[in-house]
Structures are given as C-alpha cells and as structure tokens.
Amino acid sequence: MNNYPHNLLSIEKSSALRRGVQIRKAGKRAGEYLDGKFLRSKPPLLPSLSEFDTVRHFTNLSRLNFCLDTHFYPLGSCTMKYNPKAYDVLSGLDGFTSLHPYCPEDCAQGTLSLIYGLEEQLKQITGLAAFTLQPAAGAHGEFTGALIARAYHKDRKDFGRSEIVIPDTAHGTNPATAAMAGCKVVNIKSGPDGRVDLEELKKVLNPKTALVMLTIPNTVGLFEKDIKEIARLTHEAGALLYMDGANLNALIGLVKPADMGVDIMHINLHKTIATPHGGGGPGAGAVGVCGRLADFLPVPRVIYNGKKYKLETKSKKSIGKVKSFYGNMSVLIRAYCYLRQFDGATLKEVARGAVLNANYVRVKLAKYFPAYFDEVCMHECVLTIDKGVLPNAKTIDVAKMLLDMGFHAPTIYFPLIVPEAIMVEPTETENKQTLDKFISAMTSIFLEAGTNPEALHEAPKNCPVKRIDEVSAAREPNLRW
Amino acid sequence: MFISNTEKEKQEMLEAIGVKSIEDLFKDIDKSLLAENINLPAALTEGELAAEIKKKAALNKGLINFAGAGIYEHFIPAAVNAISSRGEFLTAYTPYQAEASQGTLQAIYEYQSCICALFDMDVSNASHYDGATALAEACGAAARIKNKNKILLSSALNPEYKQVLDTYFKAGEALKFEKAPLKEGVIDQAALKELLASGEYAAFVLSNPNFYGCLEEAQAISDIVHSAGALLIAQVNPISLGVLQTPGSYGADFAVAEGQCLGNAMNFGGPTLGIFTCKKEYVRYVPGRICGMAKDAAGKRAFVLTLQAREQHIRRERASSNICSNQALCALNAAVYLTLMGPLGMREVAEANIENAHILKDMLCSDGKYKLKFAGPFFNEFVLECPIPAAKIIKAAAKKGFLAGYDLGRVDKNLKNCLLICATETKTRKELEDFASFMRGI
C-alpha cells in the first residue's frame, strides 16, 4: 500500500440529509408558485456531505495530482512554465469577478481597458494589426482563424477556396479545425529535415487553397528556415498563411510573426503567456490578424475613443461570435499582468532561455535518447529510442518510469512522423539543477532499459495507481455513478 | 522575470551544448526577421503591477444586479474557490498521464456524475467552452445522427447562442437554422407540429426556461418533436433543475447548459462552463473529453480519459470536434458546488430563486405602471413591459447603483420597452424593496 488517500467517491461518503451549505430558505415551496407538472419528480442523486467532508474530500483528491507547483513538466508543445501567483490574486479581485457581462460600459471601464491593453501588447509582440480575445482555447482560436480566412475569400468573391494545407507534423486540432470550418484537408509530407518541403507545397497550392496552416517553430522543434519563401508561395497562390502559435515561446520578443508573412495566428495564452492550465482549461486562444483581415474579427470589439472604452457590436464583415460574451476574463487579466512585467529587452530572454534549456537537454541526452533530427532545436527537442541499442524499449515505459521518479512525462508518440517520440519542452522557468536531475533520471532509465526492460513495463509503482487498463475502460465505459 | 538560470549557469550550459552564445542557437532564423526590441512600456515590479490592477478593478462599478439573460449571480461558498485555487488543481496539465492525474480525473468523473444526476441524462462530457458552444456541438451531432442539415430553433433561444450557432455553421454551410414561432412567450405547439411535419429537421432546440424566463410545456413539446422523427435538444438552466422537471424526464436526446451558475463567478461572462449531456446511444457523437472509471494493473479503482477514438488527436479531420481542452477548473467548481449543496441545497436554492423573482414581480406590477409581458409561469426571470424604453431605465438605474436587467430592445425593436429582470437567491428583501421603489419613482 502506498500513502495516498483512498479514492472513495463523494457519493460513497454521503449521508442522507447531511449538508454542506445553508441557504436562506424560501417561505413557500416551489409547488405553491408553479404547477406540479413543471417540477421534477425526485431529487437528484447528489452527495450529501458537510462542508468539512467536502473540503477534505477534494483536498485529498488534489494530493493525487502532479502539478507544475510540485513537479517538473517537460511536456512538449504544452509550455508548462511557472504561473506567477500574483496574477491569481489580481484576476480574482471582486471588481472583476462580480461584473455582469450586460452591465453598462461605463461600469466596466476597468475590465474593458484590460482587454484593450492586452490586445495592444499582443499587437506589439506579433506585429499584427488587430486581435480578438474571444476564443476560449487554442483549438477555438484555430477555428476562428479558419472562419476569418473563409470570410475573407468570400468577401473578395473568390468562392472556390475551400482547402487547407497542413503538414504531417501538425497537431490533430489543425485538421479537425479545417473540417469543422467546412474545408478539405490537404496534408503534405515533411521533408527529410523535418520541415516543410517547398516542392510538396508547390504541388498542392492551387486556386482552391484558402489557407496554409503551420506551427512555427514546428512540432519537431525546428524553425521553418524557408518561412519567407513559404509565405511568398502561399500569397502568390492567393491563399493566406496561418500560424499556430502553440510554440510561440521559442520566438516571443525575438521575431514578429507578421514579419514572416503570417496573416492570421492564435496565441495560446495558457502556454506562452504563463496562465495556468487548470487541469485542462480554461485557457484562451487570442487570434491576431493582419490589416486586411481586421474587419472579419468576431464581435464585439473593444474600442477606445480617447476617453472611454466601448464595445463595438456592429461590423458588417465580422464572422460573428465564436462564444458568448468577450472571452475568458480571468485568463486574459493574468496574461495582461504577465506581459506588463516585461519590456522589449527582457521579453527576449524568455525565448532565449527556453531555447537554451531545450538544447541543453538535447545535447546531454544525445548518447541515450538521441534527437530524431540531429541539429540545434528551438524551445523543445524531439527525442527517440535508438532501437539498435534498446530493441525492446518503448516510449510509454520511459514515460511511466519518469512518473515514478518524480517527473511528469514528456509528450509522447507525437509528432506522428517520429517513431517512439519523446518530446521535451523544459521552458525557461526551470533551472539547470532541475534539468540535471531530469537528465540523470533519463540516463538511469536508459541503463535499466538495457539491463532489465521488464521492470519498465511495471512502472509506475510509486503513483497513486498502477498502469490503467485503458482498453477495457473504453470497451465497457463507466462514465458516472 | 521568472527565468531561473544565472548567467554563470547559462554559460555552463552553452559550453555543454558546444556553442559560444545563445545567438548561435538561433542561426536558422533569417537575420532580417530578428526584430528590434518589442515596443512595450517599462516593466513593472509585482508591487507596481498590483497597484495598477487594483486601480483597474476599482474602475469597474459594482451594481446590485437584476440582470440574468444567460449569466447569473449566485452565492458561491468560499470552499469552492479554496479548493479550485489549490496549485494541485490550478497548475496541473490535462490528465493525459492518468497515473499522475487521479485527482483531476476523479473530480471530472464526479462532475459528470453530478451533472447526469441533476439533468437525469445518461452521459456528460468533461465540459465544453460555454453553453452556446456546447449547443453548437449538439446541433452538429444531431445533424450527423439524422443525416439532415436543418435544425429548428425556439424563437426564445438566447440571442448570443443564436449568433454562435450562425458563426459555427455559416462558413461550411453545413447547417441551416430556422425558428419556430412563439405564442404568449412560449413555443406555439400547433405551429411547431406543422413545421416538423415536413420531416426536414434533424432536431428541435428547446430553451427551458426560455430566454424570456418562461417555462415551456416540455413534455408536450418533446412528444411533438419525437413523433415527427426529430431529436430534442434541450438548453436549460442548471440551478432551476433543483426543482424543475429535468431534460431526461421529458426525453431530451441532448441537453446542454451554461453551467456558470454552479459555483462560478460572473467574471464579465467568462470563463464559464459548457455542460454537454446526451442519451447513452449517442455517446460516440460526444465532443471533447470524457472520463471513465477503470481499473489499474493491480485491480484497484482508477480513472482515465476514455473513448478517445472520437477525438482530434486520434481521428484528426474525422474527429467529432476539434476541441482539445475542457473547462476543467470551472467543472471542478461546479462539482464542489454541487457536492456542498447536495440534493437538499439544490432544492432550496432553486426555491429561493423562484420566491425572490415572484416577490419582485408582485412588487413591480402592483400599481399598473408596469405589466408582466407574458402571463405564463417562470423561474427566476421575467419580462416587464415598461412605459418608457428599457435602455433609459437601465441608464437611470445604474446611477442609483442598480443593474435593472437586460434591455430586450437590443435584440428585438418591438420589445424596446421590455426589460428582462432576474432575482436570484442573493437578493435580500430590502434590495428587492429598494429596487421596486426606484422603479416606481421613474
């Protein structure tokens, strides 16, 4: 037995009529106001716990988690950097949290000024002309961007553009987004150096191409050396260039995406801009566009007339709304705060620090888990298992061993073009001592994989649970009590 | 800021890499692309930043709130934020490494269970962006199930939701939306029956309570929809389900909701919580994450994300949605809230909403100056017909410290004198009286 708390469900700890919160009771029952046919026939099967029971239950659950505050999270493409605590406090100020979205603009000047301010910061960083902060996540931003591209082409009376070109290294969200936007996905194979193959690109660009979607740096952690030529070819074909900003941490403060020829991009504020992931959300996927696309952004837009901030709801060309209201405010306020703590010179150090850390890990692990593309990387390195040396080792086992050794696993089996991929993104907020410990853990896993590969299959042993039978979980799904 | 390595350590690392300077690591980037310093104002220290942000928060003016229209002010027990602000939840990643994420996973499983119990539905996902986007996904799923591209909407659907639906499906021209008319603020059942008789619609979207606060004859509507061979998508208010009939009880195939009301602050409209539920036969059409209970290698109970073959990282362009996240922290807030409330608390909070709204309605309609626009039953919101434009009332009320409601003239010129007013359990008797007296004085 380990020392982790037992994982009974809240409902299993429940005792009828125990209660966790007192509400001032109504004088009359619902049936005295409403006809019985409108009422539910039996109470819901919710737990009945005291406040103390509830706090203890969920606090004990929290102890079963790895998190950034407790563990190193070298998750490639996820940019698990430190989430500064001040921003949690500041975004939680009552003046922000208790604001109703339909309050008069005069009563929301503080919040509106922060939305405007964050848009201005992002415009400076990217060189793009305008932003929307409405999308709730990266994938939601991609969708917004794809809709903007379609609306733009349609507005030019160029009706046939319904294809989106996506390299085989792309995140799964890119093709799924294209499909949601009603577009045909055109996949292109990467070249032998892991980058876009210009010849392949030329072959697929045609008068139907709406958008070329690229992650820069790409998901194997490499910068697209030919980005200017890619942009030129894309524009020459009448298409737009979309940058998936999931990996912006490698470039922030150093390269403005607009200078590369990017027309539309999203920025995962929960990655590069240091807002917490929350166990899966909420995030925010701010979308920026070049000048000729600004009119197509979702409404409402926040505008400033020199005295007051206002919500502009009318825009003839706008794609509309991708969610209710204006965006995930508590995330946006944190992002504003983060960027307010940098100037032009210090912001560069973010990208420089991230790239330095990734290359350090890459070089130190080269003998054990070599980089699939053996060259200088950007903010992340994609390692692999040399099957000539470790014929029986599997990436999944390496990942689970790392959990036992107190490290969150890297992103694994992605990108799809790299066999046994181990994608490591240390971020700039980790120090050398932590990286050295990680390197030494990976080294010892390498040695064990050579001498005792069976032991790896049994990992994890020190986590709250052992390896989980995912196949039977999917075959006979148990999704609720 | 927040960069941990010292200059000495950076130097050691550069030496280990075998390069002279950090610039050498950026040799792939064309020199012409390396920008000058980004033009940002002078950086602030934490102390300076706190002062600036507090000043901004103070620029927002708090009002005694009688607006709902999709976002509702409810009491949030302190334990909710105390739990969700723990770093173990707040700074964790998506629970892909299940063995290291049992806390988040079990919390999601409990969230799904609580939501299914409250809604009387079979399956809930791990949550969606918000109510409107959850509805969009349900419409997409219904269209795929029925292989039809038309969806009929209640004319009393929240206009923000309608805008989102239009945006989601306009580009691909994948779905067409049409509206079923109302009679006295609720669905005109005869007209609904007639429209559905064409057999062209994949689904009907019922909003209940609807945007005007009115309760719908959900069972009768469900019967009409199902006998026409269409699916029923219900969009509901979760707090109301403490006492109101559930979408499961009247046979909804999908039920979606804005779950902000369950332990999440209004936050100017975000982040909120998209609740997505369905009957079990449609589980493969569910977008996004679902958590399941499973067993580990030792046979012990464990939790894991499951049915992932629907999702984008596996299926890519054939996925049920592109969603790659959930509103995990908002869902956690909802799970903690529902656990604290229990069945009894949920009934009591719903009853307190009904009572406050009805008391306020009586106060406002006592002297004939204001009229209830629609006579039917309501939950915590109702439409008040005023002698002057609602926009004017809202402006005057803000000066007196009230948010008087939602101006229906924003979406329908014919309703410019109509105010959608909400009174939740948070309103004291005195606040109701003060507001009513302000309204009488206008």
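Throughout, a residue's number is its position along its own chain's written sequence, starting from 1. Chains carry letters and ligands carry numbers; both start at the beginning, A for chains and 1 for ligands, and go up in the order they are written. Reporting in this predicted model follows two pLDDT cut-offs: at least 70 for local features of residues, and 80 or more for side-chain atom pairs to be given and counted; totals over whole chains, interfaces and linings ignore these cut-offs and use all residues.

One face of the sheet, then the other: side chains in a regular strand alternate in exactly this way. All names here are of chain B. Buried means a residue has 20 or more other C-beta atoms within 10 Å of its own C-beta, exposed means 12 or fewer, and partly exposed covers the counts in between; C-beta atoms are placed from the backbone. Secondary structure elements follow DSSP: runs of H or I no shorter than four residues count as helices, runs of E no shorter than two count as strands, and numbering proceeds from the N terminus. For strand β3 (residues 150–154), the tally of buried residues reaches four of five residues, placing the bulk of the element in the interior. Two strands are counted as paired when DSSP detects at least two bridges linking them. Relative to strand β4 (residues 176–180), β3 runs parallel, the two sharing five bridges. From the neighbouring strand, Leu 153 faces β4, where its bridge partner is Lys 179. Taken together, the four bridges between β3 and strand β7 (residues 201–208) define a ladder with parallel strand orientation. Residue pairing across strands places Leu 152 opposite Phe 204, the latter belonging to β7.

On to the sheet that holds strand β7 (residues 285–289) of chain A, then. All names here are of chain A. As summarised here, the arrangement of the seven strands in space is β1-β7-β6-β5-β4-β2-β3, forming an open sheet in which the pairing is mixed. Every other strand in the sheet has two partners, leaving β1 (130–132) and β3 (184–188) as the edge strands with one partner each. Along the sheet, successive strands turn relative to each other by an average axial angle of 25°, direction set aside. As judged from the five bridges shared by strand β2 (residues 163–167) and β3, these two strands associate in the parallel manner. Each bridged residue has a counterpart across the sheet, and for Pro 167 the counterpart in β3 is Ile 188. Here an angle of 0 to 180 degrees is reported between the N-to-C directions of two axes, which are lines fitted to C-alpha atoms, with helices fitted over the stretch in contact.

On to the environment of Phe 303 of chain B, then. Residue and element names in this part refer to chain B. Within the secondary structure, Phe 303 sits in strand β12 (residues 301–305). We classify Phe 303 as buried; it has 28 C-beta atoms within 10 Å. Sequence spacing of Phe 303 and Ala 98 is 205 residues, and the spatial spacing of their C-alpha atoms is 7.0 Å. Those residues within four positions of Phe 303 in sequence are excluded, and the remaining contacts are Ala 98, Gln 102, Leu 105, Gln 106, Tyr 109, Cys 291, Met 293 and Ala 294. By the convention adopted here, residues make contact when the C-beta atoms placed from their backbones lie within 7 Å.

Residue and element names in this part refer to chain B. Each domain's extent was defined by an automatic or database domain assignment. As assigned here, chain B comprises domain 1 (64–74 + 343–441) and domain 2 (78–337). Each of domain 1 and domain 2 has a C-alpha centre, and these two points are 27 Å apart. Each partner contributes to the interface: domain 1 provides 23 residues, whereas domain 2 provides 22 residues. Listing elements by their share of the side of domain 1 that touches domain 2, those giving two or more residues are α11 (328–364) and β14 (381–385). Considering every element that reaches the side of domain 1 that touches domain 2, the biggest residue donor is α11, with six residues. Basically, the charged four are Asp, Glu, Lys and Arg, the nonpolar ten are Ala, Val, Leu, Ile, Met, Phe, Trp, Tyr, Cys and Pro, and anything else, Gly included, counts as polar. Per-class residue counts for the side of domain 1 that touches domain 2 are 14 nonpolar, four polar and five charged.

We now examine the interface of chain B and chain A. Between chain B and chain A, the residue contacts involve 166 residues of the former and 174 residues of the latter. In terms of residue class, the side of chain B that touches chain A is made up of 88 nonpolar, 46 polar and 32 charged.

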